[in-house]
Structures are given as structure tokens and as C-alpha cells.
Amino acid sequence: MTNTWILTTDERIAHLVDTAAAIEGTTTVLVVAPSAPAMGGVDRVVHLPVAEDVPAEALAVAVADLVAGAEVDLVLVPNRPAERSFAGAVAARLALPVLVGATTVAAGSAQVARYGGLSIESVSYPRAVLVLEGGAAAGSGDAPVDTHEATPAAARITSVQPATSGPANLAAARRIVACGRGFKAEEDLALARALADAVSGEIACSRPLAEGTAWLSKDRYIGVSGIHVSPEVYFALGISGQVQHTSGMSGSKVVVAVNTDANAPIFQMADYGIVGDLYEVVPAITAALS
Ligand SMILES: Cc1cc2nc3c(=O)[nH]c(=O)nc-3n(C[C@H](O)[C@H](O)[C@H](O)COP(=O)(O)OP(=O)(O)OC[C@H]3O[C@@H](n4cnc5c(N)ncnc54)[C@H](O)[C@@H]3O)c2cc1C
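Residue numbering note: each chain is counted from 1, following its sequence as written. Reporting of local features is limited, given that this is a predicted model, to residues whose pLDDT is at least 70; pairs of side-chain atoms are given and counted only at 80 or more, and all residues count toward the totals for whole chains, interfaces and linings. The basis for every side-chain value is the complete set of heavy atoms in the structure, and neither hydrogens nor water enter the calculation.

Draft legend 1. Summary view of the site of the ligand. The nearness test applies per residue and asks whether one of its heavy atoms lies within 4 Å of the molecule or strand. Inspection of the region around the ligand gives 26 residues, with Ser206, Ile222, Ser225, Ser240 and Asn259 positioned closest. A distance of 2.9 Å is found between a nitrogen atom of the ligand and a side-chain nitrogen or oxygen belonging to lysine 184. Contact distances for the ligand include 2.6 Å between an oxygen atom and a side-chain N or O atom of serine 240. Coverage of the ligand by the protein amounts to 75% of the 990 Å² it exposes when considered alone. Only DSSP runs of H or I covering at least 4 residues are called helices, and only runs of E covering at least 2 are called strands; the numbering of each starts at the N terminus. Secondary-structure elements contributing two or more residues to the shell around the ligand are helix H6 (207–212), helix H7 (243–246) and helix H8 (278–289). Definition of a polar contact: a pair of N or O atoms within 3.5 Å, with one able to donate and the other able to accept a hydrogen when the atoms are protein atoms, and with sequence-neighbouring residues admitted only if both atoms are side-chain atoms. To measure how exposed things are, a 1.4 Å probe is used in the Shrake-Rupley method; for residues, cover is taken only from the protein chains shown.

Okay, here's the thing in C-alpha cells:
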């Protein structure tokens, strides 16, 4: 009999509820939220109320305290920021492993995606904390609710504004113009911006341009440790095509690569490959498409 706990801040845990239901035992949902959701398909709900102006992360230690007293076998956590902080707190408290990116979970083993899904590791354990996709809102129901009061760590939300930029457009973009180290200077990115304007696309980059030079923000780099995209057209300009980059854009329908090196790996996945200097080729493409 496996004692499974799901840690969350809202109802978007349908996949975790289904995963727990497939394992023989009991399922408890610990929810940190202003009010307890009415949940079905689980044995009980433990509610830790949190004020509207307190970030859920401020209750991570309280979450760990509750889980520590419950003799859990499996802890399932949706892959979201506040919930990941719960995973870390619980794992540190109980000296359990945290496995991020689990795809299939059983009582004593899981399959975990690595390198953006390029490989799958089978991992066994007696007890573990698993971070996986939460899925849609779980079905409502009348699982009994136990409410526990806890004092949050000292943190307050002082204001909330809509973000002016972020990955949302990139993830939804139909056309992406991605820049790599083939660009010699930050101001040269104007060439890529002009192409992006011509095709109504978004600018993106390889990791060195976001984490090395910081010419573009970190929410614009594509790859295994960045954003995963699948646009209709992906322009790879001065990008060599290392697997850490291509694993984030391999779902693109059409790939156009521009590179001076005819042996660059990016050409292996390009539908249209142009061996040439991006400083000449990109303005020519932009002019042709404008
Ligand atoms: C754990 C780990 C995680 C990583 N995660 C990511 C990730 O998520 N995303 C990511 O992008 N990288 C990631 N990397 C880095 C990755 O391995 C590569 O180093 C990086 O993708 C290379 O970026 P690049 O193609 O822009 O640069 P380079 O590999 O230096 O390639 C530059 C290319 O530009 C070409 N070029 C030069 N001049 C011109 C010109 N004038 N015109 C046309 N072409 C030109 C060159 O021929 C070359 O092919 C990761 C690495 C590690 C170790």
C-alpha cells in the first residue's frame, strides 16, 4: 500500500490524480491556497490556507513539516514554480531524491525524461519526490478536508503588474528568427529583427546570446535548458546546431539555416540550408520577403 501525497497550489493536477490512482494505496492532496478546492478521486485533502498577499513559497517549510509527519512513500508535484519549492523543502527535510521530468510513475520506480526528452532514464527508489506535468484541472468532488494553520515565512506580495515581455509570444509564435554566435556584435541583431518584422515573427537565440553575452533575455533562448518551440518556420542564423539547442526546436515544421560552415550540424535538420555569410544572406532574405 503506497501512501502518495500530491502537493499543489490549485486544481491543475488531473494527471497527478490519475497517476496516483493507478498505484495501489491512498492519495492525499495537500493544497496551499486561500480556500480549499472541492476535490474528487482522492482520499482526502489537507488544506494549508495562505493569505492573498503571501506567496505560496512562504509556506514551503510548513508543507515539509506536514509531509514529514505522514510517513509518505511518494510525493507528486506539478512542474510549476511554487510547487517546485515544496518539492525541494520536502526532499531536504526527508532526505529524499527529487526527480524532475518524470513521465511514468510506479510505486518504486519512474521513467524520467532527460536532455529535453532525448533520452529516458528508468530510476528505482524506495521513496521519492517526483516533479511531473500536472495536467488540467482535476474533477471536483467531496473528498474530506483537514485544515491546518501555519505561520508563513516573512514574505509579502507588494504589487502585481502584467509582464511587458516574456516567453508567451515565443511559445505561440508561428515564425521564429533565432540568432547564434555567428552574430559578431549586439547591434548586428538588427539584421535578425528586420527579418522577424518582414515575416511577422519573434526573435530568439541560442544559449550563449542569452546567458553569455546577455544580448537577449533568458526567456528567448531555445533548447534543452531553455524554451521548447514548434513554429511553422524556424530561421537558424549563425547557429551551429548542437543537440542542446536543436532539442528545443526539432518540432519546427520548416527549418531555414544560414551558416558559413557547410558541415555545421544544423544543416542535417534544415529543409533549406544556405551556406553563406549571414551578414549578406539575411538582408537578402529580408528584402525578398518584404
Ligand atoms: C548542460 C548544457 C545545456 C545547454 N543548453 C542549451 C540550450 O538550452 N540552448 C542552447 O542553445 N545551447 C545550450 N547549450 C550550449 C550548446 O551546447 C552550444 O554551445 C550552443 O547551442 C552553441 O550556440 P551557437 O550555435 O550560437 O554557437 P556556436 O556553436 O559557436 O556556433 C556558431 C555558428 O555560427 C557560424 N557562423 C559564424 N560566423 C558566421 C557568419 N558570419 N554567418 C553565418 N554563420 C556564421 C559558425 O560556423 C557556427 O556554426 C547547453 C550546453 C550545456 C553543456
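Moving on, there is more to tell.
Draft legend 2. Quick look at H8. To estimate the expected span of a helix, count its residues, drop one, and scale the result by 1.5 Å. The first and last C-alpha atoms of H8 sit 16 Å apart over twelve residues, in line with the 16 Å expected at 1.5 Å per residue. A 1.4 Å probe rolled over the protein chains alone gives each residue an accessible area, and that area as a share of the maximum for its type sets the label: buried under 20%, exposed over 50%, partly exposed in between. Listing the buried residues of H8 in full gives Leu278, Val281, Val282, Ile285 and Thr286. Take H8 and look down its axis: the buried residues cluster within an arc of 130°, on one side only. The exposed residues of H8 that point more than 90 degrees off its buried face are Glu280, Ala287 and Ala288. Buried residues along H8 sit against helix H5 (189–198), strand S13 (233–237), strand S14 (254–259) and strand S15 (272–275). The arc in question is the one traced by the directions running from the helix axis out to the C-beta atoms. Should any heavy atoms of two residues lie within 4.5 Å, those residues are counted as being in contact.

Draft legend 3. Just the packing of H5 against H8, in detail. It is the contact of H5 with H8, at a shortest axis distance of 9 Å, that shows an interaxial angle of 20°. In terms of orientation, H5 lies roughly parallel with respect to H8. The handedness of the crossing between H5 and H8 is left-handed. Within the contact between the two elements, H5 uses Leu191, Ala194, Leu195 and Ala198 and H8 uses Leu278, Tyr279, Val282, Pro283, Ile285, Thr286 and Leu289. Here the axes come from fitting lines to C-alpha atoms, over the contacting stretch only for helices, and the angles between their N-to-C directions go from 0 to 180 degrees. Angles below 35 degrees are treated as roughly parallel, those above 145 as roughly antiparallel, those between 65 and 115 as roughly perpendicular, and all remaining angles as oblique. It is the rotation of the near helix from the far one that decides the hand of a crossing: anticlockwise by less than a right angle makes it left-handed, clockwise makes it right-handed.

Draft legend 4. View of the packing of aromatic side chains. Think of it this way: a Phe, Tyr or Trp ring, Trp meaning its six-membered ring, pairs with another when their centres are within 6.5 Å, and the plane angle makes it stacked under 30 degrees, edge-to-face over 60, tilted otherwise. Counted by the stated rule, this structure contains one aromatic pair. Ring geometry for phenylalanine 183 and tyrosine 279: centres 6.4 Å apart, planes at 55°, overall tilted. With phenylalanine 183 in the loop between strand S11 (175–179) and H5 and tyrosine 279 in helix H8, this pair connects stretches of sequence that are 96 residues apart.

Draft legend 5. Structural view of helix H2 (residues 60–68). If you check which residues of H2 are buried, you get Ala60, Ala62, Val63, Ala64, Leu66 and Val67. Contact partners of the buried residues in H2: strand S1 (2–8), strand S2 (25–33), strand S3 (44–49), strand S4 (74–78) and helix H3 (81–94).

Draft legend 6. Representation of the sheet that holds S14 in the model. In this description, strands pair whenever DSSP reports at least two bridges between them. Sheet architecture is open: five strands sit in the order S12-S11-S13-S14-S15, paired in parallel fashion. Looking along the sheet, the strands with just one partner apiece sit at the ends: strand S12 (202–205) and S15. Going from strand to strand, the sheet's axes swing by 15° on average, the running direction of each strand aside. Where S11 lies against S12, four bridges are found, and the strand directions are parallel. Looking across to S12, one finds that isoleucine 176 is bridged to glutamate 202. Along the sheet face, H5 touches S11, S12 and S13 and points at about 170° away from the line of S11. Set on the sheet, H8 makes contact with S13, S14 and S15; between it and S13 the angle comes to about 150°.

Draft legend 7. Spotlight on the pattern of salt bridges. Here a salt bridge means any side-chain nitrogen of Lys or Arg lying within 4 Å of a carboxyl oxygen belonging to Asp or Glu. As enumerated under the stated definition, the model contains nine salt bridges in all. When the shortest N-O distance is used, the salt bridge between arginine 174 and glutamate 232 registers 3.3 Å. Placement of arginine 174 in the loop between helix H4 (168–172) and S11 and of glutamate 232 in the loop between H6 and S13 is noted, with a sequence separation of 58 residues between them. A single network of salt bridges, built from pairs that share partners, joins Asp10, Arg12, Arg80 and Glu83.

Draft legend 8. Up close: the domain arrangement of the protein chain. Here the domain parsing of the protein chain yields domain 1 (2–147) and domain 2 (168–289). These domain boundaries are the output of an automatic or database domain assignment. Taking the mean C-alpha position of each, domain 1 and domain 2 sit 37 Å from one another.

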